[in-house]
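# Fold and contact review
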There are 2 protein chains.
Amino acid sequence: MISKLINSIQSKNAPIVVGLDPQLKFIPQYILDKWYKECGHSLDAVAEAFFEFNKGIIDAIYELAPAVKPQIAMYEQYGIPGLIAYKKTVDYAHEKGLVVIGDIKRGDIGSTSESYAIGHIGSVDIEGNVIKPFDVDIVTVNPYLGSDGVNPFVDVCNKEDKGIFVLVKTSNPSSGEFQDKLSEGRPLYEIVAEKVVEWGNATMDGSYSNVGAVVGATYPEMGAILRKLMPKTYILVPGYGAQGGSGKDLKAYFNEDGLGAIVNSSRGIIAAYKNEKYSSYGEAGFADASRAATIDMIEDIRNNAF
Amino acid sequence: MISKLINSIQSKNAPIVVGLDPQLKFIPQYILDKWYKECGHSLDAVAEAFFEFNKGIIDAIYELAPAVKPQIAMYEQYGIPGLIAYKKTVDYAHEKGLVVIGDIKRGDIGSTSESYAIGHIGSVDIEGNVIKPFDVDIVTVNPYLGSDGVNPFVDVCNKEDKGIFVLVKTSNPSSGEFQDKLSEGRPLYEIVAEKVVEWGNATMDGSYSNVGAVVGATYPEMGAILRKLMPKTYILVPGYGAQGGSGKDLKAYFNEDGLGAIVNSSRGIIAAYKNEKYSSYGEAGFADASRAATIDMIEDIRNNAF
């Protein structure tokens, strides 16, 4: 799978992913009103509004960006209807040729982790009928439970040519509480990074592994160290834009081949029309605003990150 | 919420929780065949079979056990229909007066963690229409992202009188890879435990906090240390039965007041009819077998864990 993602990054010359993390406050009022009128003030109305919003964004950016990353929490918040909107978003993004990274941050043990892996990137076999329940290409995985939690995902990566990004160093202010704890002089995130390399060696796909890592844009010094520790690991970099990271902070995350990292922006793109810089697009131009923000982000990375 | 759980534990004199973690191999063939006939070899068929199975178990154990813990991964594996079965299971358990612990092990940052918290234990407000999407009482939470990830859950606990159990030391063999790493001479799980106490102080409910901890039955020496470190923290103890823990290993997890821990068994109860000891019940008696296994588990804990 990682080679498919790399091909798409190269053909679009854009190592970016658009985070589809809808929140009510990002959705233009005319879309909400339409669905409130249709379905009342219900979970279904919000779910339909989310999907219409996402469709607009996807249509505006699919020629520019290689991938989208829906954050499942935003959909799960609205229960079953929300999760149906998540699944419809995944399918629509696939129709448009995008690689879909499901930001699910799941992690459990043994058969439980296997169930998550099968449900999201694998397939169930019901008496010979093989079904891919969520059918995304890559998911994010939480490593706190160790190899028992990650290996079932690695197995599915090999079986179905899929990928994972394992949380190593997250972009949030309190990520250091546990991730930075020193053990024999080394922070925990480095110890996790070594395991990422080990897990990744079991599922190589060309020059890179199907096991990637999440390293926040907000910690570029750590990004530089982690880049060297995990030379064949693709790094998913959240925290660009709204969380404070910028193009020049991203140099450290790329390898000399110009590959090795893919940078996420969520609200910086999907809520661009609410940003002063793109406010002339107005509510009705939300999708065009997101396209303009995508172009600017790609430009920033091309000019500053290499 | 923790006081509600404690009341139920005391009135039933049973500090246990039944893990509703259905797998195809646990479901009696006659139930599967019925739904395959009705819905084909589909996700819907499996989801209906899971719910019928769970209903049988709940009916058999609700007078004995204070709580159930559906593992959402087992449902999520079957996509949207699976998640509908999860929600129906939650609602049916509530009808029977059970406390429902959603084993979701979610954890993210800021607004994303808030979305998980709201979706599972809180409520969304859609233009004044307040809806509780999953409406469980307590969820499990992964702490790897630090306070940013956990505090949104604590806020919802306070707002809606709900609870969480934070993963501290899990029951699986590889849990030590990261959780046992020594930092300044202390294992990471102790550092997490201290944070659990800190988070818990913000949401006390009687003698115990709405922030509990997960500590596996398979590590009783660590359980003893963690018990002392977190005196007002309820401990959810997985790993009893099928994973190797037994009643005498559980002493360490309880406080002197006889409270402080609730022990989970999943397949040891729900798949009891497949165990030689209860095989005389046969497939059709799966629910009665689970009732017998529940009685035996409670007996084992009453006789050995105090």
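Here we summarise the structure given alongside this text. Each chain carries its own residue numbering, running from 1 in the written order of its sequence. Each chain gets a letter, beginning with A, and each ligand a number, beginning with 1, in the order they are written. Since the coordinates come from a predicted model, pLDDT governs what is reported: local features require at least 70, and pairs of side-chain atoms require 80 or more to be given and counted, while whole-chain, interface and lining totals use all residues. Only hydrogens and water are removed before side-chain values are computed, so all heavy atoms of the structure are retained for them.

### Description of the overall build of chain A
- Helical segments are the DSSP runs of H or I of at least four residues, strand segments are the runs of E of at least two, and each set is numbered from the N terminus. From N to C terminus, chain A includes 12 helices and 14 strands.
- Computation of the radius of gyration draws on C-alpha atoms, with the globule rule given as 2.2 Å multiplied by the number of residues to the power 0.38. Against the globule reference of 19 Å for 306 residues, chain A gives a C-alpha radius of gyration of 19 Å, in line with a compact fold.
- Counting only C-alpha atoms, chain A reaches 60 × 55 × 40 Å along its principal axes.
- Classification of the 306 residues of chain A by burial places 65% in the buried group.
- Counted over contacts in chain A with a minimum sequence separation of 6, partners at least 24 positions apart contribute 73%.
- Accessible surface for chain A amounts to roughly 10,300 Å². Of this, 48% is attributable to carbon and sulfur atoms.
- Computed over 29 positive and 39 negative side-chain charges, the separation of the two mean positions in chain A equals 3 Å. Using a 1.4 Å probe on the protein chains alone, a residue whose accessible area is under 20% of its type maximum counts as buried, one over 50% counts as exposed, and one in between counts as partly exposed. A contact between two residues is defined here by any heavy atoms of the two lying within 4.5 Å. In these tables, accessible area is a Shrake-Rupley quantity obtained with a 1.4 Å probe, and a residue counts as shielded only by the protein chains included in the view. Charged-residue counts in this description rest on Lys and Arg as positive and Asp and Glu as negative, His and the chain ends being excluded. A single reference atom marks each charge: NZ on Lys, CZ on Arg, CG on Asp, CD on Glu.

### Quick notes on the side chain of B:Arg106
- Its location among the elements puts B:Arg106 in strand β3 (residues 99-106).
- Within the structure, the side chain of B:Arg106 is placed 2.9 Å from the side chain of A:Glu76, a separation counted as a polar contact.
- In this structure, B:Arg106 is in contact with A:Glu76, A:Arg106, A:Tyr116, B:Ile72, B:Glu76, B:Tyr116, B:His120, B:Thr140, B:Val141, B:Asn142 and B:Phe153, ignoring residues within four places of it in sequence. Pairs of N or O atoms are called polar contacts if they sit within 3.5 Å, as long as, within protein, a hydrogen donor faces a hydrogen acceptor (for residues adjacent in sequence, only side-chain-to-side-chain pairs).

### Topic: the relation of the copies chain B and chain A
- To superpose the copies, least squares is applied to the C-alpha atoms of every residue with a pLDDT of at least 70 in both. Screw-axis analysis of chain B against chain A gives a translation of 0.0 Å along the axis, an RMSD of 0.0 Å, and a rotation angle of 180°. In the structure described here, the two chain copies are related by an operation that fits a two-fold rotation axis. Among all residues of chain B, the one whose C-alpha sits closest to the rotation axis is B:Ser183, at a distance of 2.3 Å.
- Here 100% of the contact residues of chain B are again contact residues in chain A; the copies associate through an equivalent surface.

### Focus on a negative patch on the surface
- A cluster of like negative charges, contributed by A:Asp33, A:Glu283, B:Asp125 and B:Glu127, occupies part of the molecular surface.
- With respect to the element layout, A:Glu283 can be found in the loop between α11 (267-270) and α12 (286-304).
- A:Glu283 sits in the partly exposed class, given a relative accessible area of 33%. Each patch groups residues whose relative accessible area exceeds 30% and which form no salt bridge, using 9 Å between like charges and 5 Å between nonpolar side chains of Val, Leu, Ile, Met, Phe, Trp and Tyr. Salt bridges are defined by distance alone: a side-chain nitrogen of Lys or Arg within 4 Å of a carboxyl oxygen of Asp or Glu.

### Some remarks on the interface of chain B and chain A
- At the interface, 70 residues of chain B touch 70 residues of chain A.
- Two parts lose some accessible area (1.4 Å probe) when they are put together, and adding that loss for both gives the buried area. Taken together, the two surfaces of chain B and chain A that pack against each other cover about 5,700 Å², and 62% of this comes from carbon and sulfur.
- Taken together, the connections running from chain B to chain A amount to 6 salt bridges.
- The shortest N-O distance in the salt bridge between B:Lys195 and A:Glu177 comes to 3.7 Å.
- Where chain B touches chain A, the interface holds 33 residue pairs in polar contact (both at pLDDT 80 or more).

### Comments concerning the sheet that holds strand β2 (residues 67-70) of chain B
Residues and elements named next belong to chain B.
- Being paired, for any two strands, means DSSP has found at least two bridges between them. If you trace the 8 strands once around the closed barrel, you get β1-β2-β3-β6-β7-β12-β13-β14, paired in parallel fashion. Taking the axes of each pair of neighbouring strands and ignoring which way they run, one obtains an average angle of 30° across the sheet.
- Bridge count between strand β1 (residues 16-20) and strand β14 (residues 261-265): 3 bridges; the pairing is parallel. Bridge pairing links valine 17 to asparagine 264 in β14.
- Where helix α10 (residues 220-229) meets the sheet, its contacts fall on β7 (163-169), β12 (211-215) and β13 (235-237), and the angle it forms with β7 comes to roughly 130°. To get an axis, fit a line to the C-alpha atoms, keeping to the stretch in contact for a helix; angles then go from 0 to 180 degrees between the N-to-C directions.

Everything listed here is a matter of geometry and, on its own, says nothing about what the molecule does.
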